[in-house]
Every structure is written in structure tokens, then in C-alpha cells.
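Per-entry structural report
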Amino acid sequence: MRITSNMMAGNLVRRLNNNSTRVQKYQDQLSAAKRITKPSDDPIGLTASLRLRSTLVEMDRYKQNMEESKDWLTATSESLNKMGEVIHRLHELAVAGASSTVPQPALDAMANEVDQMHEYLVDLANSDHGGRYLFAGQNTLTAPFTLGGPAGALDNGAILREIARGQVMQINTTPQFLANPGSILKNVQNLANELRAGNYTGVSNLIGSLQANEDEILAMESAVGAKINRLEMSAERSLELQTSVTRLLSETEDADIAELTVRLGQEEAAYRAALTVGARLIQPTLADFLR
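Thresholds applied
Residues numbered from 1 in each chain as written. Predicted model: local features only at pLDDT ≥ 70, side-chain atom pairs only at ≥ 80, totals over all residues. Heavy atoms only, no water. Salt bridge = Lys/Arg side-chain N within 4 Å of Asp/Glu carboxyl O. Helix = DSSP H or I, 4+ residues; strand = E, 2+ residues; numbered from the N terminus. Buried < 20%, exposed > 50% of the residue type's maximum accessible area, 1.4 Å probe, protein only. Axes fitted to C-alpha atoms, helices over the stretch in contact; angles between N-to-C directions. Parallel < 35°, antiparallel > 145°, perpendicular 65-115°, else oblique. Left-handed = near helix turned anticlockwise from the far one by under 90°. Contact = heavy atoms within 4.5 Å. Nonpolar A, V, L, I, M, F, W, Y, C, P; charged D, E, K, R; others polar. Core = buried A, V, L, I, M, F, W, Y, C linked by side-chain atoms within 4.5 Å. Pairing = 2+ DSSP bridges. Phe/Tyr/Trp six-rings, centres within 6.5 Å; stacked < 30°, edge-to-face > 60°. Lys NZ or Arg CZ within 6 Å of the ring centre and 35° of its normal. Expected span 1.5 Å × (residues − 1). Arc of directions from axis to C-beta.

1. Describing the pattern of salt bridges
Under the counting rule described, the total for this entry stands at six salt bridges. A salt bridge links Arg165 to Glu58; the shortest N-O distance between them is 2.3 Å. Note that Arg165 is positioned in the loop between β5 (160–164) and β6 (167–170) and Glu58 in helix α2 (residues 43–97), a separation of 107 residues in sequence. For Glu58, a relative accessible area of 17% gives the class buried. Ionic pairing is found between Arg89 and Glu113, a salt bridge with its closest N-O pair at 2.8 Å. One end of the pair, Arg89, is in helix α2; the other, Glu113, is in helix α3 (residues 104–125), and 24 residues separate them in sequence. Of the residues examined, Arg89 reaches a relative accessible area of 32% and is grouped as partly exposed. Taking relative accessible area as the criterion, Glu113 reaches 27% and is therefore assigned partly exposed.

2. Comments concerning the packing of α2 against α3
Where α2 meets α3, the axes come as close as 10 Å, and the angle between the chain directions of the two elements is 165 degrees. Taken together, the axes of α2 and α3 lie roughly antiparallel to each other. In the packing of α2 onto α3, the handedness of the crossing is left-handed. Residues Ser79, Lys82, Met83, Val86, Arg89, Leu90, Leu93, Ala96 and Gly97 of α2 touch α3, and the partners they reach there are Leu107, Met110, Glu113, Val114, Met117, Tyr120, Leu121, Leu124 and Ala125.

3. Overview of the packing of α2 against helix α4 (residues 184–197)
Relative to each other, α2 and α4 sit at 30 degrees, their axes nearing to 11 Å. By the criterion of interaxial angle, the relationship of α2 to α4 is roughly parallel. In this structure, α2 crosses over α4, and the sense of that crossing is left-handed. Where α2 abuts α4, its residues Ile87, Leu90, Ala94 and Gly97 lie against Ile184, Val188, Leu191 and Leu195. When grouped by side-chain class, the residues that make up the contact of α2 with α4 number seven nonpolar, one polar and no charged.

4. A short note on the side chain of Ser183
Note on placement: Ser183 falls in the loop between β6 and α4. Judged by its relative accessible area of 1%, Ser183 is buried.

5. So, the nonpolar core
Core analysis: the largest hydrophobic core is formed by 45 residues, its most contacted members being Met83, Leu90, Leu121, Leu178 and Leu191. Where this core is concerned, the elements lending two or more residues are α2, α3, α4 and α5 (200–253). For this core, the leading source of residues is α2, giving 11 residues. Setting aside its immediate chain neighbours within four residues, Leu121 contacts Met83, Val86, Leu90, Ile184, Leu185 and Val188. By size, the runner-up hydrophobic cluster in this structure holds five residues, among which are Leu56, Met59, Val245 and Leu249.

6. Topic: the pairing of β5
Here β5 runs beside β6; their pairing, made up of four bridges, is antiparallel. Bridged to Glu162 within β6 is Val168. Counted between consecutive antiparallel strands, the loop separating β5 from β6 contains two residues, among which Gly166 sits at a positive phi close to 80 degrees.

7. Structural notes on the environment of Gly130
Structurally, the position occupied by Gly130 is in the loop between β1 (128–129) and β2 (132–133). Distance from Gly130 to Asp71, taken between C-alpha atoms, is 9.9 Å for residues 59 residues apart in sequence.

8. Description of the packing of aromatic side chains
A full pass over the atoms with the stated rule returns one aromatic pair. Centre to centre, the rings of Phe135 and Phe177 are 5.7 Å apart; their planes meet at 75 degrees, and the pair counts as edge-to-face. Note that Phe135 is positioned in the loop between β2 and β3 (145–146) and Phe177 in the loop between β6 and α4, a separation of 42 residues in sequence. Take Phe135 and Phe177: they sit in the same class, and that class is buried. Between the NZ or CZ atom of Arg61 and the centre of the ring of Tyr62, over which it lies, the distance is 5.0 Å.

9. A few points about α4
Working note: α-helix, 3.6 residues per turn, so residues spaced by three or four point in the same direction. In a regular helix each residue adds 1.5 Å, so 14 residues correspond to 20 Å; α4 covers 20 Å between its end C-alpha atoms and thus fits that length. Those residues of α4 not exposed but buried are Ile184, Leu185, Asn187, Val188, Leu191, Ala192 and Leu195. Seen from one end, α4 has its buried residues packed into an arc of 165 degrees, which puts them on one side. Turned more than 90 degrees away from the buried face of α4, the exposed residues are Asn193 and Ala197. Gly198, located one to two residues past α4, shows a positive phi value of around 65 degrees.

Shown next as C-alpha cells:
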């Protein structure tokens, strides 16, 4: 087969283009510090990279949910703790007021203190976190309680947060414990009334109810604390998993800078050599053949 000048020139240009493409590829990878800059670089690696990136995005969402949930539960725990302190004081007043030796003026003074405790308890029942009421069910934008009792129909809906794949946690404490017939808000009103009426027996009968209220608050605070502990452990585990996934993503995507530098140098040297040989190869012209 006769080899023409056009065939040699075309073959040279094709090889130069291929070499130039490889040089550009390594330059792109070095500038991005990534081994995969386009799907054709490594289709299998790209699939793995996309899956790992999706996992990291999912983990970030769970991390945010856990942080928000922990903040909510911490605020709830603080409010419950203050309620417990108030109930403990009310219990002390009930024990003191149940004695028939206490004169009426002293009972009236106790009743006035109970009134102040009542107002404080309502404030605690309307505790909010970031403008959202903690003990309002899902109706978090409306204050649930007044001094007279519930402000309206109470919402006992649960607020749920997904803290991991397939793991959902209820973060709110529903308000029924503050509205039941034997709730602390009912008992504090009854205590003030019995003290003013000088009804020692009535005051004595409330001691057990107040103790039950205190035990209920302690149990609820313990449950909230357990959820906070779980979130802290889950956050630590999530951080470990996120570090592992990030390492795998780096191994999949990141370029070996030293290796790429060597390869780029080799391709650039080959490209310059090809240009030099090509210039000598296609140098003769028609005039050269006519001489």
C-alpha cells in the first residue's frame, strides 16, 4: 500500500490530539486534586462516589435533626426540673398547713405563696423554645395554658424526628399531664383554696397528690434525660460513620498528586517529542520532490 503525505500528516495529527487529550486530562485532575473529573474517567468509581456523597448528605440531615432534638429536649428537661422544684415547695407548704396548730393568718400567708407558685407553674407550662411552645403538642405556636387552666382544646400530637435511617424519636412532652384532674395545676389551685378555708383535712388530703405529682415530674424528667443520652451516643456514632464514609469518598475520588505529576510530565515529554518528529516528518514539500 502506498503511504501518502496526507496519510502521514493525518496520522500525526490524530496521535498529537490523543496525546494532547491525555495531557489535558492530567492537568484537569491535578488542578481539581480529583481522580474523577468526568464520568468517562471511571464510571464504576463515579457510581460509588455518588452513592457515598448521597450518604454524607443523609448523615448531615440526621445530624441536624439530632442537634435540634437535643436542644428541644434540653429545654424541656430544664422546665420539668423547675416544675419539680415548685412542686417540692408546694409539698412542704401542704405538710406545714395540714397541722391544726397553724393559725389562719399563717395559712393565708401560705395561700398567697401558693398563688405565686401557681402563676410560676403556668409560666413553666407555657415554656417555649425558639418561639415554639414545649408543652403544646403539635400546636406549638399557641400558648396552651392560662391561670384558669387550658387555653383551649389541648393538642396531644407527637413531634417526631428521624435521627437515623429507620429510627424515629418523639421529642415533645404532650400536655395532658398538666390538664388531668389530678394534675399539678389542679392541685395547686385546690391547695390555695383549702388553706384560705382553714380546712386542715383538705390540705392533708392533698399531700399525697402533690407527692404523686412530684414523682410524675421526676419520671418524665428521667425519660427526657434518657433521650438526651441516646442522642449524644447516636451523635458520636454518626460522627464515626461520617468520618469513615468521608475517608472512603477520598479514596474513591481524590487524586494521587505524585503519580499524576509523573504521568503529566511523561505525557508532556511525549507530546513535545511527537511535535519534533512530526515537524521533521512533514517538512518536505512538492518542490523538494521536483528537484
